[in-house]
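Chain and residue survey
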Amino acid sequence: MRFSKISRSLRQLSTHVLAIALGVVLAVSTLQVLPSQAEPAPTITVDTSNLIAQRQSPASAAIGSSSFVTAAVNRVGSAVVRIDTERTITRRVDPFMEDPFFRRFFGDGFSQQMPPSEQLRGLGSGFIIDKSGLVMTNAHVVDKADKVTVRLKDGRTFEGKVQGIDEVTDLAVVKINAGNDLPVAPLGSSTNVQVGDWAIAVGNPLGFDNTVTLGIVSTLKRSSAQVGISDKRLDFIQTDAAINPGNSGGPLLNGQGEVIGINTAIRPDAMGIGFAIPIDKAKAIAAQLQRDGKVAHPYLGVQMLTLTPDLAKQNNTDPNSPIQIPEINGVFVMRVVPNSPAASAGIRRGDVILQIDGKAITSAEQLQNVVEDSRLGQVLQVKVQRGNKTEQLSVRTAELQNAS
């Protein structure tokens, strides 16, 4: 009797153990099929090489490899030169300083403290565009210099002769006699340049020879008026590649090592922004400078301002405004230069230029470009708004004599 009770208890215990074991097996199987958030998912082996290549942007790929910058600089570096200039300024002696009474009163030493002349030294960059020794640079680098010295990358120095200067476009050509086998910088095309392209500036900033900086083209066709250089007629390439004093005249390269611009200007009030003259413009000017030594620029002779209806309305609602302006789009004539083509044609201060040769004019930059692209002596048909009337005037362009 007692044995049967024990046997029955063992069977019940075995049943419970079997049930527990079966439950554990089912739970483990369930966990393997449906992993919880706390447990890691099953590891799947995948070839990620193609995925990485697809995710990597062209910019990060270029930055990851410095070879394109090195190759670009090696292609043009030997053609980049340093330009040192010397200029002697002679001071006019004030007759007051030579007056005997003055000299007795202040002493002879006072006048001797001011030397009659001073020698100024300048530094810039340039690059060779022809094996015969033609060097392109900025006009302001060599303008009015008494002596120009061109230093090649290999250390050789040569005296440079300025063949031509164009202040309006800030370009100059210098000739050195160094044989006929000089390295030449490959010239590209600025027409194909796009915002976001690589920009490599090469030159001698702050006197540090053979310096390279890297950036991108940040915008195109930045007018000289917007840059703050009103006496120039240029649409610049804007870049964030570091351009410092001494870089002027040096080349701006694309990623293939081709010259796309000439570094020329910096904005002291804007960090990291520089400007370069498009190489297509520079090539055309350089050809004229080699041939004629100068470039003839047509002009009208007006000081102008881009006019919009909002700008005119602001003026007209001002009770202190001396003039009422038509609330239209055009170019407002602020001043007419005496004895200029505009003055001879009858253009007046306060006129609004609407059209030239039937083409609508909506900005001062556009008008300037139309005039720049015209021929010397060409007659332009100019439509102006004068008060409530429109006038049709004929203006014959003349040569601009002074850039300032």
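Reference entry: report on the structure contained in this document. Since the model is a prediction, treat every value here as computed from it, not as a measurement. (Residues numbered from 1 in each chain as written. Predicted model: local features only at pLDDT ≥ 70, side-chain atom pairs only at ≥ 80, totals over all residues. Heavy atoms only, no water.)

1. Some details on the overall build of the protein chain
Across its full length, the protein chain holds 13 helices and 21 strands. Taking all 404 residues of the protein chain together, the buried fraction comes to 38%. Across the protein chain, the fraction of contacts at a sequence separation of at least 24, relative to all contacts at a separation of at least 6, is 64%. Carbon and sulfur atoms form 53% of the exposed surface of the protein chain, whose accessible area is close to 23,600 Å². (Helix = DSSP H or I, 4+ residues; strand = E, 2+ residues; numbered from the N terminus. Buried < 20%, exposed > 50% of the residue type's maximum accessible area, 1.4 Å probe, protein only. Contact = heavy atoms within 4.5 Å. Areas by Shrake-Rupley, 256 points an atom, 1.4 Å probe, with all protein chains shown as cover.)

2. Considerations on the layout of surface pockets
Approximately 580 Å³ is the volume found for the second largest pocket. Lining the second largest pocket are 22 residues, with Lys221, Asp235, Pro278, Asp280 and Lys281 positioned closest to its centre. Listed by contribution, the elements that provide at least two residues to the lining of the second largest pocket are strand E9 (211–223), strand E10 (235–239), helix H10 (279–292) and helix H13 (364–372). Broken down by class, the residue content of the lining of the second largest pocket amounts to 10 nonpolar, five polar and seven charged. (1 Å grid on protein atoms, 1.4 Å probe; cavity = no way out; pocket = protein on both sides within 12 Å on 5 of 7 lines; lining within 4 Å. Points joined across faces, edges and corners; volume = space filled by probe spheres on them. Nonpolar A, V, L, I, M, F, W, Y, C, P; charged D, E, K, R; others polar.)

3. Section: the sheet that holds strand E2 (residues 117–130)
One open sheet holds the seven strands; their spatial order is E5-E4-E1-E2-E3-E7-E6, and the pairing between them is antiparallel. A strand with exactly one partner marks an edge of an open sheet, and here the two such strands are strand E5 (157–159) and strand E6 (161–166). Sheet twist, expressed as the average angle between the axes of neighbouring strands with direction ignored, equals 30°. Pairing geometry for E6 and strand E7 (residues 171–175), over five bridges, is antiparallel. When the sheet's bridge partners are listed, glycine 164 is paired in E7 with valine 173. (Pairing = 2+ DSSP bridges. Axes fitted to C-alpha atoms, helices over the stretch in contact; angles between N-to-C directions.)

4. Remarks on the sheet that holds strand E11 (residues 251–253)
Sheets are built from strands that pair by backbone hydrogen bonding, the pairs being arranged parallel or antiparallel. Here we have six strands rolled up into a closed barrel, ordered E8-E9-E10-E13-E12-E11, and antiparallel in their pairing. Averaged over all adjacent pairs, the angle separating strand axes in this sheet is 45°, with direction ignored. With six bridges connecting them, strand E8 (residues 198–203) and E9 associate as antiparallel partners. Along E9, the bridge assignment pairs isoleucine 200 with leucine 214.

5. Observations concerning the side chain of aspartate 170
Relative to the helices and strands, aspartate 170 resides in the loop between E6 and E7. The exposure class of aspartate 170 is buried, given its relative accessible area of 7%. Beyond its immediate chain neighbours, meaning those up to four positions away, aspartate 170 contacts Thr137, Asn138, Ala139, His140, Lys232, Thr264 and Ile277.

6. Remarks on the environment of serine 132
Mapping serine 132 onto the fold places it in the loop between E2 and strand E3 (134–137). A C-alpha to C-alpha distance of 6.9 Å links serine 132 and leucine 182, two positions 50 residues apart in sequence. There is a polar contact of 2.5 Å between the side chain of serine 132 and the side chain of aspartate 130. (Polar contact = N/O pair within 3.5 Å; in protein donor to acceptor, adjacent residues only side chain to side chain.)

7. Remarks on H10
Spanning 14 residues, H10 covers 20 Å between terminal C-alpha atoms, matching the ideal 20 Å at 1.5 Å per step. As for H10, its buried residues are in contact with E2, E3, E6, E7, strand E12 (259–266) and strand E13 (274–278). Within two residues after H10, glycine 293 carries a phi angle of roughly 80°, on the positive side. (Expected span 1.5 Å × (residues − 1).)

8. Observations regarding the packing of aromatic side chains
Using the criterion set out here, one finds two aromatic pairs in the structure. Between the aromatic rings of phenylalanine 68 and tryptophan 198, the centroid separation amounts to 5.4 Å while the plane-to-plane angle is 50°, which identifies the pairing as tilted. Remark: tryptophan 198 occurs in strand E8 and phenylalanine 68 occurs in helix H4 (residues 67–76); sequence separation between them is 130 residues. Overall, the relative accessible area of 23% leaves tryptophan 198 in the partly exposed class. Judged by centre distance (5.9 Å) and plane angle (55°), the ring pair of phenylalanine 236 and phenylalanine 275 falls under tilted. Taken together, the positions of phenylalanine 236 in strand E10 and phenylalanine 275 in strand E13 put the pair 39 residues apart, joining distant regions of the chain. Residue phenylalanine 236 is classed as buried on the basis of its relative accessible area, which comes to 2%. (Phe/Tyr/Trp six-rings, centres within 6.5 Å; stacked < 30°, edge-to-face > 60°.)

9. Let's talk about the pattern of salt bridges
Evaluation of the coordinates by the stated rule reveals nine salt bridges. Between arginine 121 and glutamate 86 there is a salt bridge, with its nearest N and O atoms 2.9 Å apart. Residue arginine 121 is located in strand E2, and its partner glutamate 86 is located in strand E1 (residues 80–90); the two are separated by 35 residues in the primary sequence. What makes glutamate 86 partly exposed here is its relative accessible area of 22%. A salt bridge links lysine 283 to aspartate 280; the shortest N-O distance between them is 3.7 Å. One end of the pair, lysine 283, and the other, aspartate 280, are both in helix H10, three residues apart, so they sit about a helical turn from each other. Accessibility expressed as a relative area gives 32% for lysine 283, which makes it partly exposed. Aspartate 280 gets classed as partly exposed once you look at its relative accessible area, which sits at 25%. Each of Arg82, Asp84 and Asp209 takes part in salt bridges that share partners, so that together they form one network. (Salt bridge = Lys/Arg side-chain N within 4 Å of Asp/Glu carboxyl O.)

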